[in-house]
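# Commentary on secondary and tertiary structure
Now for the letters of each chain:
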Amino acid sequence: MGSPDKSERAALLRRSVHDALARARDRFDGRLSRFLLEVEVEADRAGLTKDDFYRAARADTVDQLSLSKLSRLQEVLEGAGLVESVPDEGSELQRAILALSRITRTPEKFRRSLPQTLFCLRRSYLTPGHVNVSFVEISAEDTTIRYRETRAGSLGAASQRAVLTGTILHHDDLDDVYYVIGLNEYRTSFAVEEATSVHANLVALSILRQRDAGSFDVFDGIHIGVMPDNNPDHPSAPYAARVVLIGTTMTLPDAARAGLIQNHPESALESHAGWGTHERRLLRKYHPLDAVGNAPDGIYDLLVASAVPASRSRKAPERAKSSGKEKKSDALGRRKA
């Protein structure tokens, strides 16, 4: 199986997964097999076997598991409520990002609406003609607003998962606009299990605006980030994408079981059987497929990347240049002369 990964992240994952499985055994009267019956669907969806759980539960075999399997075990255990949150865990940059919440006063009406769960929809940069659906959880604790987004995609033999953790910043004079800043952690697995790439230090920014000033059910805006270094067409390239967030009552495990957190063909998005009545109504009303490609966006004046990879298009996207003659707009969509 090769030498075990000795990175700090791998060590943290081994300890977290091992401790969570100990809690699972305690919860089910010492029988790990009973716990495995409870998470059978989630484990199967994540490509995990019973042997993976038993290896992770033993201190002498947990280091035999790859970083990819440890990450997937962690996700299943998190969904079962067995992973304890560690406030000080993570890099100094992550803690600094979370601390930014304390410098702005979030509107009380927004704080009272939390916790919120939403689906985030954007055009996929991995699969042309597809829409990526991710799951967003927003919660409040003391002075910090926590934002966590989980998404997945695929490109040929590779599958990619990303989790963005960060905070929401706010300007008091703009009640309906929110700035999300966080760290994106990408995990890409190829056909061979050991070929897994992890990139966890990519800072991302989203500018979100309420579609209806009286409701927190729908937001739209733009997400700005950097593609992971293993992207075959645009490694470590900056990009921007229009996003739409629609409210839901689903949990993350609910959404995963329904097959929603993945790339969907544009033509089949609204008809997917996993949507509930509420989500389907919002999806039809606020359709997310109005993004432009390879040109300055009319609202945000930022380059919005095409969904077509460079190798499949006539030429790679170029940096957008302003002629100085176009009308400008600020980040909130207000036109400037």
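Starting from 1, residues in each chain are numbered consecutively following that chain's sequence as written. Per-residue local features are limited, in this predicted model, to residues with pLDDT of at least 70; the limit for side-chain atom pairs, both in listing and counting, is 80 or more; totals at the level of whole chains, interfaces and linings are taken over all residues. To get the side-chain values, take all heavy atoms of the structure and skip hydrogens and water.

What follows deals with the overall build of the chain. Counting secondary structure elements, the chain contains 9 helices and 13 strands. Working definition: with a 1.4 Å probe on protein chains only, accessible area under 20% of the residue-type maximum means buried, over 50% means exposed, and in between means partly exposed. Burial status across the chain gives 45% buried among its 337 residues. Note on contacts: a residue pair is in contact if any heavy atoms of the two residues lie within 4.5 Å. Considering only contacts within the chain whose residues lie at least 6 apart along the sequence, 58% involve residues at least 24 apart. For the chain, the computed accessible surface area is about 17000 Å², with 50% contributed by carbon and sulfur atoms. Working definition: helices are DSSP H or I runs of at least four residues, strands are E runs of at least two. Numbering for both runs from the N terminus. Reported accessibility uses the Shrake-Rupley method at a 1.4 Å probe radius. Residues are deemed covered only where the shown protein chains occlude them.

Turning our attention to the pairing of strand β7 (residues 218–226). Among the 9 residues of β7, 7 are classified as buried, and the element is accordingly described as predominantly covered. When DSSP finds two or more bridges between a pair of strands, those strands are recorded as paired. Relative to strand β8 (residues 238–247), β7 runs antiparallel, the two being bridged by 9 bridges. Its bridge partner lying in β8, Asp220 is registered against Val244.

Glancing now at the pairing of strand β2 (residues 130–141). Here strand β1 (residues 116–123) runs beside β2; their pairing, made up of 8 bridges, is antiparallel. The residue bridging Cys120 from the neighbouring strand is Ser134, located in β2. Linking two consecutive strands that pair antiparallel, namely β1 and β2, is a turn of 6 residues; a positive phi of about 80° is found at Gly129 within it. Pairing analysis gives 3 bridges linking β2 to strand β9 (residues 263–265), with the strands arranged antiparallel. Residue pairing for β9: Asn132 is matched across the bridge by Asn263.

As for its position among the elements, Glu149 is in strand β3 (residues 144–155). For the purposes of these results, a polar contact is taken to be a pair of N or O atoms within 3.5 Å, where, inside protein, one atom must be able to donate a hydrogen and its partner to accept one; residues adjacent in sequence count only when each atom of the pair is a side-chain atom. Here the side chain of Glu149 touches Arg122 through a polar contact of 3.0 Å, side chain to side chain. The residues touching Glu149, leaving out its near neighbours within four places in the chain, are Cys120, Arg122, Ser134, Phe135, Val136, Ala162, Val163 and Leu164.

Our next topic: helix α6 (residues 92–99). For α6, the complete set of buried residues consists of Gln94, Ile97 and Leu98. Seen along its axis, α6 keeps its buried residues to an arc of 95°; they face one direction. By definition, the arc is the one covered by directions from the helix axis to the C-beta atoms.

Moving on: the packing of aromatic side chains. Classification of ring pairs uses Phe, Tyr and Trp, with its six-membered ring standing for Trp, and accepts pairs whose centres are within 6.5 Å; under 30 degrees between planes counts as stacked, over 60 as edge-to-face, and the remaining range as tilted. All told, the structure shown has 8 aromatic pairs when counted by the stated rule. Plain terms: the ring middles of Phe35 and Phe53 are 6.4 Å apart, the flat faces sit at 75° to each other, and that makes the pair edge-to-face. Residue Phe35 is found in helix α2 (residues 32–38), and its partner Phe53 is found in helix α4 (residues 50–57); the two are separated by 18 residues along the sequence. Pair check on accessibility: Phe35 and Phe53 agree, each one buried. Between Phe110 and Tyr178, the ring centres sit 4.6 Å apart and the planes meet at 35°, which makes this aromatic pair tilted. Taken as a pair, Phe110 in helix α7 (residues 108–112) and Tyr178 in strand β5 (residues 177–189) lie far apart in primary sequence, 68 residues in all. This pair shows no difference in class: Phe110 is buried, exactly as Tyr178 is. Among the aromatic side chains, those forming a connected cluster through ring pairs are Phe110, Tyr178, Phe216 and Phe219.

For a helix, the expected span equals 1.5 Å multiplied by the residue count minus one. With 13 residues, helix α5 (residues 67–79) should cover 18 Å at 1.5 Å per step; its first-to-last C-alpha distance of 18 Å lies within 8% of that length. The complete set of buried residues in α5 reads Leu67, Ser68, Leu70, Ser71, Arg72, Leu73, Gln74, Val76 and Leu77. Gly81 sits one or two positions beyond α5 and adopts a positive phi of about 75°.

What makes a salt bridge here is a side-chain nitrogen of Lys or Arg within 4 Å of a carboxyl oxygen of Asp or Glu, nothing more. Evaluated as defined, the whole model comprises 13 salt bridges. Glu78 is paired through a salt bridge with Arg148; the nearest N and O atoms lie 3.0 Å apart. With Glu78 in helix α5 and Arg148 in strand β3, this residue pair connects regions lying 70 residues apart in the sequence.

Moving on, we get to the nonpolar core. What is meant by a nonpolar core is a set of buried Ala, Val, Leu, Ile, Met, Phe, Trp, Tyr and Cys residues, joined one to another through side-chain atoms within 4.5 Å. With 25 residues, the main nonpolar core has Leu21, Phe35, Leu48, Phe53, Ala56, Leu73 and Leu77 as its most contacted residues. At the level of elements, α1 (8–27), α2, α4 and α5 are the ones that each hand at least two residues to this core. The dominant element in this core, judged by the number of residues it contributes, is α1, at 6 residues. For Leu21, the residues in contact, after removing those within four places along its chain, are Leu32, Phe35, Phe53, Ala56, Ala57 and Leu77. Counting residues in each nonpolar core, the second largest holds 18 residues, with Phe110, Val136, Leu164 and Leu208 among its members.

pLDDT expresses, on a scale from 0 to 100, how confident the predictor is about each individual residue. Of the residues in the chain, 70% reach a pLDDT of 70 or more, and the chain-wide mean stands at 76. Mean pLDDT values over the elements of the chain span from 36, in strand β12 (residues 328–329), up to 93, in α4. Long-range and interchain partners of residues 291–297, a stretch whose pLDDT sits below 50, account for 21 contacts in this model, where long-range means more than four residues apart. A low-confidence stretch, residues 305–337 (pLDDT under 50), is modelled with 56 contacts involving residues beyond four sequence positions or located in other chains.

We now examine the packing of α4 against α5. Note on definitions: angles span 0 to 180 degrees between N-to-C directions of axes, and those axes are lines fitted to C-alpha atoms, for helices only across the stretch in contact. Between α4 and α5, whose axes approach to 11 Å, the crossing angle comes to 95°. Here α4 is positioned roughly perpendicular relative to α5, judged by the angle of their axes. Only Lys69, Leu73 and Val76 of α5 make contact with α4, whose side of the interface consists of Asp52, Phe53 and Ala56. We call Asp, Glu, Lys and Arg charged. Ala, Val, Leu, Ile, Met, Phe, Trp, Tyr, Cys and Pro are nonpolar, and the rest, Gly among them, are polar. When its residues are assigned to classes, the contact of α4 with α5 shows 4 nonpolar, no polar and 2 charged. In what follows, roughly perpendicular refers to angles from 65 to 115 degrees, roughly parallel to angles under 35, roughly antiparallel to angles over 145, and oblique to any angle outside these ranges.

On to the environment of Arg257, then. With respect to the helices and strands, the residue Arg257 is situated in helix α8 (residues 252–257). When the C-alpha atoms of Arg257 and Gly274 are compared, they prove to be 8.5 Å apart, with 17 residues separating the residues in sequence. Setting aside residues up to four positions removed in sequence, Arg257 forms contacts with Val41, Glu42 and Arg45.

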